[in-house]
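Now for the letters of each chain:
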Amino acid sequence: MHTIEQAYNCILDTYPATVDNRRLLQYAMAGLVGYLVQQHQDQHNAVLPALTGNCQTDWQAFQKTYTTMTAHLSLSQQSLVGAAIKEMVNGLHDNHAHYIPFSNLNTRGSASQPNTQMGLGIVLPFDPDQLADAAPPLYMLSVDPGSPAEQAGLRPGDIIVTINGLPPFINQKPVSEIINQLSGSTSVQLQIKHPGAADTKNVRLIAAAYPTLPLVSKRLLSGNILYVRLTKFETGVADQIRRAVQEAGAAQLKGLILDLRGNGGGDVREQRRVISMFVHNQIIASFVDKQGQRTDQRTDDSLLLFHIRLVALIDRGCASACDATTMDIHDLHLGRLVGERTAGAVSGPSTDLFLDDGSVIGLPVAFMQGPAGEIVDGIGVPPDDEVHPTPEALAAGHDPFLEKALQDL
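Residues numbered from 1 in each chain as written. Predicted model: local features only at pLDDT ≥ 70, side-chain atom pairs only at ≥ 80, totals over all residues. Heavy atoms only, no water.

An unreviewed UniProt entry lists the protein under the name Peptidase S41, from Ktedonobacter robiniae.

This is the structure:
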C-alpha cells in the first residue's frame, strides 16, 4: 500500500501540470479492478469510494477500500500494486511518462548480443501508437538489413495481406491486435503481395537478433550534396556529423540532406549539439516546470558553425529529440523540411523516480516549448514539402523523400 501511495504523491508533487488527485485514484482503481477481473477474482467491494478533492482525505478513503478488498485475496500483491500504478501513469496520457516494474528492469533494452536488436526487421509507415491514423494497404516502408524479413526476401513496398491468417484492416479500420503482432518477439505467418505481382506468397518469420543500424551513416550524392542519416541522438553523433561534413569539404558542398526518418529521439544534450552546428546565439527550447519557472536552452556556440543549405527528411517516426530538432529547423529557419508531420512525442525529458519496491516511475519534470514558444507535443511539426510514399514507388526502388529533397537543393 505504501508503494501505491509513493507513486500517487510522486505524480502529484513532480508532474509539471496540475493533476486532479481524484482522477489519479480513479485510474488506480481501474487498474486494480482490471487485474482482478483478468485473474477471475473480482470483488464486490472493489469500488471507488466517494472522493472530495482533498489529496490526503481521498488517499485515506482509497487506502481503506484497498485494505478491505485485498484482505482475503491469494493474488500476488506486487502484481496488483503494479496494475494500479501503471494505470495511474497511463492516465497522464504523456508520452514521456512510464512505469517499469522491478521484475522488468534487468531486461529493459536487452538484446542477445551487443549492437543487436531483436525483431522481424519490418518497418511500417507508422509507429504502433499511431495506428488510428493508418489506412490500408499495410505495406513495408523499409526492411532492416540482416533482419529475418530481409533474409526471407521481403522488400520495401511489399503489401502485407494477412498476419497469421487475419487481415490487418477491417472495414478500412486498423486492427491493433493484429498489426501489433509484427512488433512482438514471436513468429508470424504473413501473406505478402509484391506490387505488380499477380499472386501472393506465404512467408513465416521468426523474430531474431540482427545488427542495429549505425547511428550515423553518410554518402556523397551527385551534385556535391552530402546525405547523412541519423537514427538516434546518442553521445558522439554530433561529432560524427561534423567529421562527415568536413571530410566532404564543407565549403564546396551544395547542400546537406539530414535524414531523420524513424529517429525516435535520445539525449537532449546531443540534440543541442547537433543544432548548434547550424545556428549560434539562439534559444532552441524552453522548459517550464511545475512552478511555472522557465529555463531557456541555448545553442552551444563553442561548436564550429557550418553555412550549408540544409534539408531534413522527416516522418511520423521522428519523435522526442527528433521532434525538437525539426522544431528548431522550422522556427529558426535553418532549412526545409521534407516528408510527413513528425510524431509530436516531445512532452519533456523524463526523470526516473525509484519506489520502495524497486520499481520505477519516469516523469517529465518540465514541459518543453519551442523557440517560438509553441507546444509540439501531441501535434508534431509539419513539413514544408509533404511527401507520401506509395508501395509502387518503394517497390520500384524510389525514395520519394530523397528525390524531393534533391529538387529543393
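On we go from here.
Quick look at the pattern of salt bridges now. As enumerated under the stated definition, the model contains 12 salt bridges in all. Note that Glu247 and Lys218 form a salt bridge whose closest N and O atoms lie 2.6 Å from each other. Taken together, the residues Glu247 in helix 8 (residues 237–248) and Lys218 in strand 11 (residues 216–221) connect sequence positions 29 residues apart. With relative accessibility at 58%, the residue Glu247 sits in the exposed group. The exposure class assigned to Lys218 is partly exposed, which follows from its relative accessible area of 46%. Across the salt bridge formed by Asp399 and Arg261, the nearest N and O atoms sit 2.9 Å from each other. Taken together, the positions of Asp399 in the loop between helix 11 (391–395) and helix 12 (400–408) and Arg261 in the loop between strand 13 (255–259) and helix 9 (268–275) put the pair 138 residues apart, joining distant regions of the chain. Given the relative accessible area of 16%, Arg261 is considered buried. Among the ionic contacts, a cluster of salt bridges with common partners joins Asp239, Arg242, Glu270 and Arg273. (Salt bridge = Lys/Arg side-chain N within 4 Å of Asp/Glu carboxyl O. Helix = DSSP H or I, 4+ residues; strand = E, 2+ residues; numbered from the N terminus. Buried < 20%, exposed > 50% of the residue type's maximum accessible area, 1.4 Å probe, protein only.)

Our next topic: the pairing of strand 12 (residues 225–230). Buried residues dominate strand 12, accounting for 5 of its 6 residues. Direction of pairing for strand 11 relative to strand 12: antiparallel, over a ladder of 6 bridges. If you follow Arg219 over to strand 12, its bridge partner there is Tyr227. The hairpin turn running from strand 11 into strand 12, its antiparallel successor, is 3 residues long, and Gly223 in that turn takes a positive phi close to 85°. Pairing of strand 12 with strand 13, which is carried by 5 bridges, proceeds in the parallel orientation. Within strand 13, the position partnered with Ile225 by the bridge is Gly255. Running through helix 8, the crossover from strand 12 to the neighbouring parallel element strand 13 is right-handed. (Pairing = 2+ DSSP bridges. Right-handed = clockwise from strand over helix to strand, strands pointing away.)

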